[in-house]
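# A structural walkthrough
Chain residues, written in single-letter form:
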Amino acid sequence: MAGPRDTIRNRMKFYRSAAFLQAVGEGLYAGADLVRAEASHSITRGSASGKRHVPSAPGLPPNNDTGVLKAHITNERVDAFTARVTSNAPYAAALEFGTSKMAARPYLRPARDKCRERAEREVVKAIEKARRKFNGGS
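With six bridges connecting them, strand 1 (residues 73-79) and strand 2 (residues 82-87) associate as antiparallel partners. Within the sheet, the bridge partner assigned to aspartate 79 lies in strand 2 and is threonine 82. Where strand 1 folds back onto strand 2 in an antiparallel hairpin, the turn is made up of two residues.

Right, here's the structure in full:
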């Protein structure tokens, strides 16, 4: 029967393993995908394009018009402990942070804040799944 020391040793082996790094990366990527989806959804929520397009109010996410901003929101795994959500649309930064002539219409930071707890749960879930697999299902 395994005692408390054995349990701690097994966990320490896991936390130094490639399986742990892989699980963290997978969890972070899943969390980043939640943020990407929320940012995309916030842009299209209640918006109309074309002649019916109405710009959003300052401080609210931009309303979708051409779809360029939404199409350019991506997430990527940068390294073992970093995932990033960005938009490389030409006006993405101007909308997120504002300019001297236009108030900000943030969409990424609010999505990050809204999804933070769910993203953290994704990381924990991925680690726990990998730990059970690493320890033979226990």
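The N-to-C vectors of helix 2 (residues 18-44) and helix 5 (residues 108-134) enclose an angle of 150°; their axes lie 7 Å apart at closest approach. For the element pair helix 2 / helix 5, the angle class is roughly antiparallel. Here helix 2 runs over helix 5; the crossing is right-handed. A breakdown of the residues in the contact of helix 2 with helix 5 according to their chemical character gives 18 nonpolar, two polar and five charged.

With that settled, consider the nonpolar core. Counting 14 residues, the largest nonpolar core has Ala39, Leu69, Ile73, Val85, Tyr107 and Leu108 as its most contacted members. Broken down by secondary-structure element, the contributors of at least two residues to this core are helix 2, helix 4 (92-97) and helix 5. Per-element tally for this core: the top contributor is helix 2, with four residues. The next biggest cluster of nonpolar side chains, apart from the first, holds seven residues, and it includes Phe14, Val24, Val123 and Ala130.

Each value, and the rule that gives it
Residues numbered from 1 in each chain as written. Predicted model: local features only at pLDDT ≥ 70, side-chain atom pairs only at ≥ 80, totals over all residues. Heavy atoms only, no water. Pairing = 2+ DSSP bridges. Helix = DSSP H or I, 4+ residues; strand = E, 2+ residues; numbered from the N terminus. Axes fitted to C-alpha atoms, helices over the stretch in contact; angles between N-to-C directions. Parallel < 35°, antiparallel > 145°, perpendicular 65-115°, else oblique. Left-handed = near helix turned anticlockwise from the far one by under 90°. Nonpolar A, V, L, I, M, F, W, Y, C, P; charged D, E, K, R; others polar. Core = buried A, V, L, I, M, F, W, Y, C linked by side-chain atoms within 4.5 Å. Buried < 20%, exposed > 50% of the residue type's maximum accessible area, 1.4 Å probe, protein only.

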